[in-house]
Amino acid sequence: MTEGPAINGLEASGSPLPVLYSFRRCPYAMRARLALTVSQQDCALREVVLRDKPVEMLELSPKGTVPVLHLPDGQVLEQSLDIMRWTLARHDPEGWLSPESGSVAEMEALIDECDGTFKHHLDRYNYSVRYGPATDPLYHRGEGVVFLGRLNERLKEHAQLFGARPSLADFAIFPFVRQFANTGRDWFDAQDLKPLQAWLDLILTSDLFVTIMRKL
């Protein structure tokens, strides 16, 4: 992935590059950058200032959230999972779309649970003030741990969520587990979630994650 204008926005062949609008700390944007990087897809990367979103991004995607991938043919991908699937369908050198254990349907179902129930509780744990004084962050922390416990049980069987090697599920779910952990790191580290904690630390220290988190 190329930072900034990216060779005037062109590949070495002279063809236009896809343009990715991203925000470094956004979990959804992390997903997109992880998949684009592992699939070796060059992009012109535009780091967005959320308080001053670029007009061109809003014209492409009025929802105003990242990531947004603008393809050279004019197609616009506005959802992180769509970006992951698009780039991995073109080139999937580590087999993220082919889980070693379990089925693609099971992998997609686990991601859906992360994006639905778990994300609901994560938001109310991490940003409780946004939801009013009746929101109890500790209640939502406890509900979020139910999902983390299920991940932990899977990781007792093998190093990654669907086998010994990573899959789409690991890197689609990881950014949200990271966000949950960072909301109260001392508390998280004290929980009886050793396989999950080891899995999280393995990704956090990986070359792939370090690469996609470089500051621009």
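In case you missed it, the structure is sitting above this.
Calculation criteria
- Residues numbered from 1 in each chain as written.
- Predicted model: local features only at pLDDT ≥ 70, side-chain atom pairs only at ≥ 80, totals over all residues.
- Heavy atoms only, no water.
- Helix = DSSP H or I, 4+ residues; strand = E, 2+ residues; numbered from the N terminus.
- Buried < 20%, exposed > 50% of the residue type's maximum accessible area, 1.4 Å probe, protein only.
- Contact = heavy atoms within 4.5 Å.
- Areas by Shrake-Rupley, 256 points an atom, 1.4 Å probe, with all protein chains shown as cover.
- Lys, Arg positive; Asp, Glu negative; His and termini not counted.
- Charge placed at Lys NZ, Arg CZ, Asp CG, Glu CD.
- Salt bridge = Lys/Arg side-chain N within 4 Å of Asp/Glu carboxyl O.

Caption draft 1: Just the overall build of the chain, in detail. Counting secondary structure elements, the chain contains ten helices and five strands. Expressed along its principal axes, the backbone C-alpha trace of the chain runs to roughly 55 × 45 × 30 Å. Across the 216 residues that make up the chain, the buried fraction comes to 46%. Taking the intrachain contacts of the chain between residues at least 6 apart in sequence as the baseline, contacts between residues at least 24 apart amount to 68%. Of the roughly 10600 Å² that the chain leaves accessible, carbon and sulfur atoms contribute 51%. In the chain, 23 side chains carry a positive charge and 29 a negative one; their mean positions are 5 Å apart.

Caption draft 2: Focus on the pattern of salt bridges. Scanning all chains against the criterion turns up eight salt bridges. Its salt-bridge partner being Asp82, residue Arg85 comes within 3.5 Å of it at the nearest N-O pair. Residue Arg85 and its partner Asp82 are located together in helix α4 (residues 80-90), separated by three residues, close to a single helical turn. For Asp82, a relative accessible area of 35% translates into the label partly exposed. Three or more residues are tied together by salt bridges with common partners; here these are Asp82, Arg85 and Glu108.

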